[in-house]
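# Observations on chain architecture
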Amino acid sequence: MTGGAGFLGLHLVRDRLLRGRHVTVLAHAGGAPGRERIERFLAATGEMGRLPAPLGELLTVIPVDIEQPLLGLPRLEHRRLARIAAEVWHVAASVELNGRDERLRRTNVLGTQHVLRLASLAARGTPLRHVSTAFVAGTRQGHVSEDDVPISGNGSGNGSGDGFENAYERSKHEAEELVREWAERLGRRALILRPGVLVPPGPRTVPELPSHTLSTLYRAASRLPDTGGRTVLRVGADPRARLNLLPVDWAADAMARIASGDRTARVSTVHIVHPDDVPVRTIAAALEDVCPVRIRMTPAMPAEPTAIEGIFYRRITGFLPYLHHRRSFDDSTLRKLAPGLAPPPPIDRTYLRSCFGVHAPAAGAAAKTSA
């Protein structure tokens, strides 16, 4: 599993370990030590003692660089990993909404190519689980099915057409296309999982969790220059807009259940989404609760922003288009493949307040998950 020490990956690894499955985590060689992060997570959630065997028998952590051929590993080690794999999970990704196209492509597109090369060497029946995002829907509005695939666009973020809002969405779309082409060309099995916007699991969040997408808003608002009171921020947004947010632990449980029952011969795609979208107004209210700002929604971005507004806009450029989204995601496959899965908790103002304020990541936390 790549990304096993990242925001989503920690929960996926925990699920496998609690089931007594051995997990080889391919951890980002340049980040925090993957084993230490996993150990802290298990200790903080009180689950280290629930493992069916000592952690050393269930977990192997190998530093890799997914942007390098053979993941930066010696050829023999690379082939050995492929031979022992019962399934391959590709979770690692850069989720920097403001990221540069070339940087995102190195991690999300080239990285996927390198993981597919590893999966190609595994036994023929070895399934690939590829974590994508529901936001490969790009600028598409209305009801989005799992068969809907946007055409490449310029990322203008104007809410019309089938382009992409930012380079992140485009890179994840390209990665999906690589997975489909690989599976069809080689006759392999691939499960593409498209989660909505992942948020911490409410009051059970632990400080060790890496950065999540909504934390971008918190960091941008909480680090604005002090004006001695509430700073008014005019933000171009549709007050009727809604976003699909869901707790990361629930998403991981859903993914694990679907993967365990996956019998698809080729490629299947599943939206991992909350049945109830969250109004943008609710997100803005929660942000105001924990930061000295006042959000004023306007039909479009101010033509002449204040200096402080300019700072705020630059920090959340990639997120701004989502404040106009009015769409829903088809979750019929999720309900079909995970019939016993309890519904996720409602994401309300109180829940979001805990995500923003109590459990906000430390300054300088990276938006890139551990590879």
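You'll find the structure just up there.
Throughout what follows, the structure given in this document is the object of discussion. (Residues numbered from 1 in each chain as written. Predicted model: local features only at pLDDT ≥ 70, side-chain atom pairs only at ≥ 80, totals over all residues. Heavy atoms only, no water.)

Bringing the overall build of the protein into the picture now. Regarding its fold elements, the protein presents 12 helices and 14 strands. In the protein, which comprises 371 residues, the proportion classed as buried is 55%. For the protein, contacts bridging at least 24 residues in sequence account for 82% of all contacts bridging at least 6. As presented, the protein carries roughly 15400 Å² of accessible surface, and 51% of it is formed by carbon and sulfur atoms. (Helix = DSSP H or I, 4+ residues; strand = E, 2+ residues; numbered from the N terminus. Buried < 20%, exposed > 50% of the residue type's maximum accessible area, 1.4 Å probe, protein only. Contact = heavy atoms within 4.5 Å. Areas by Shrake-Rupley, 256 points an atom, 1.4 Å probe, with all protein chains shown as cover.)

The subject of this paragraph is helix α4 (residues 75-84). Listed in full, the buried residues belonging to α4 are H78, L81 and A82. Down the axis of α4, the buried side of the element spans an arc of 100°, and every buried residue falls inside it. In this structure, α4 carries L76 and R83 as exposed residues pointing more than 90 degrees from its buried face. Tucked inside the fold, the buried residues of α4 contact β1 (23-28), β2 (59-64) and α5 (101-120). (Arc of directions from axis to C-beta.)

With that settled, consider the nonpolar core. Counting 46 residues, the largest nonpolar core has L214, L245, F312, F319, L352 and F356 as its most contacted members. For this core, the secondary structure elements donating two or more residues are α6 (167-186), β7 (197-199), α7 (215-222), β8 (231-236), α9 (280-290), β13 (293-298), α10 (307-315) and α12 (349-358). Of the residues forming this core, the biggest block, 5 residues, is contributed by α9. Those residues in contact with F319 that sit more than four places away from it in its chain are L97, N98, T213, L214, L217 and L243. Counting residues in hydrophobic clusters, the runner-up holds 38 residues, among them A5, A254, I272 and L341. (Core = buried A, V, L, I, M, F, W, Y, C linked by side-chain atoms within 4.5 Å.)

Taken as a whole and assessed by the stated rule, the structure comprises 4 aromatic pairs. Aromatic side chains F135 and Y322 sit 5.0 Å apart centroid to centroid with 55° between the ring planes, which places their arrangement in the tilted category. On the criterion of sequence distance, the pair formed by F135 in the loop between β4 (128-131) and β5 (142-144) and Y322 in the loop between α10 and β14 (327-329) is long-range, its members being 187 residues apart. With respect to class, F135 is no different from Y322; both count as buried. (Phe/Tyr/Trp six-rings, centres within 6.5 Å; stacked < 30°, edge-to-face > 60°.)

With that out of the way, let us pick up unusual backbone geometry. For L70, which is not glycine, the phi torsion reads 60° and is therefore positive. Phi at L71 is positive, roughly 60°, even though this residue is not glycine. Structurally, the position occupied by L71 is in the loop between β2 and α4.

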